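Working through the structure, step by step
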Amino acid sequence: MERTRRDLNEVMDELRSHGLRMTPQRRAIVAEVMRTQGHISPSTIARTVQGEMPGVNASTVYRTLTLLEQLGVLSHSHLESGAEYHRSEDAEHVHLTCGRCGKDDPLSLAEARTLQELIRRHHGFEADLTHFAITGRCEACAAEAS
Ligand SMILES: [Zn+2]
Ligand SMILES: [Zn+2]
Ligand SMILES: [Zn+2]
């Protein structure tokens, strides 16, 4: 799937075209989301925006993130620490998450292809390996445990 990286103004225009009033709070939330590299943690976004703009409700932050997902700007994955967002164009990977130290290691979909095919052989199931993390032990933690 070809996705282009939208900038802040394009995303703001899109929200407005969906009838959303762009309050200063909402603008600050969207700006912080667009500024964040890699994983976008809802609670971190809420904390940062509340630091800049006291009085922003955490539920406004969560609602805005949901809306950005509906517009296809973001997509969520479930990690060991809870749900986090990615920019949609950065979301195509499997999370290998260590349940001991919390280290998160991305596995490309190309690397995961054999696993996907193995699952498909089971009654044609099409697995979305990007949605939930695979939890276990990273190499260092596995070595310590043995
Ligand atoms: Zn990720
Ligand atoms: Zn989900
Ligand atoms: Zn570990």
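This one's a predicted model, so the numbers in the text were calculated from it and none came from an experiment. (Residues numbered from 1 in each chain as written. Chains lettered and ligands numbered in written order. Predicted model: local features only at pLDDT ≥ 70, side-chain atom pairs only at ≥ 80, totals over all residues. Heavy atoms only, no water.)

On to the coordination of the zinc ion (ligand 2), then. Distances from the zinc ion (ligand 2) to its protein donors, His-76 (NE2), His-78 (NE2) and His-131 (NE2), fall at 2.0 to 2.1 Å. In primary-sequence terms, the residues that donate to the zinc ion (ligand 2) follow H-x1-H-x52-H. Placement of His-76 in strand S1 (residues 74–79) and of His-131 in the loop between helix H5 (113–120) and strand S5 (134–136) is noted, with a sequence separation of 55 residues between them. Using a relative accessible area of 27% as the deciding quantity, one classes His-76 as partly exposed. Under the relative-accessibility criterion, His-131 is labelled partly exposed at 27%. (Donors = N, O, S within 2.8 Å, 3.2 Å for Na, K, Ca; no water. Helix = DSSP H or I, 4+ residues; strand = E, 2+ residues; numbered from the N terminus. Buried < 20%, exposed > 50% of the residue type's maximum accessible area, 1.4 Å probe, protein only.)

Protein coordination of the zinc ion (ligand 1) is provided by His-39 (NE2), His-86 (NE2), His-93 (NE2) and His-95 (NE2), with donor distances spanning 2.0 to 2.1 Å. In terms of primary sequence, the donors binding the zinc ion (ligand 1) are separated according to H-x46-H-x6-H-x1-H. Here His-39, found in the loop between helix H2 (24–35) and helix H3 (42–52), pairs with His-95, found in strand S3 (residues 93–98); they are 56 residues apart in sequence, far enough to count as distant. Classification of His-39 as partly exposed rests on a relative accessible area of 29%.

Together, Leu-96, Leu-115, Leu-118 and Ile-134 make up a nonpolar patch on the protein surface, roughly 300 Å² of accessible area in all. Here Leu-118 lies in helix H5. (Patch = residues over 30% accessible without salt bridge, like charges linked within 9 Å, V, L, I, M, F, W, Y side chains within 5 Å. Areas by Shrake-Rupley, 256 points an atom, 1.4 Å probe, with all protein chains shown as cover. Salt bridge = Lys/Arg side-chain N within 4 Å of Asp/Glu carboxyl O.)

This part is about the environment of Thr-135. Locating Thr-135 in the fold gives a position in strand S5. Taking the C-alpha atoms as reference, Thr-135 lies 9.4 Å from Gly-102; in sequence the two are 33 residues apart. Leave out the neighbours within four places in its chain, and Thr-135 touches Glu-80 and Thr-97. (Contact = heavy atoms within 4.5 Å.)

Right, let's get into H3. Along H3, the positions that sit buried rather than exposed are Pro-42, Ile-45, Ala-46 and Val-49. All buried residues of H3 lie within an arc of 100 degrees about the axis, which places them on one face of the element. Of the exposed residues in H3, the ones pointing more than 90 degrees away from its buried face are Arg-47 and Gly-51. Buried residues in H3 make contact with H2, helix H4 (58–70) and strand S2 (82–87). (Arc of directions from axis to C-beta.)

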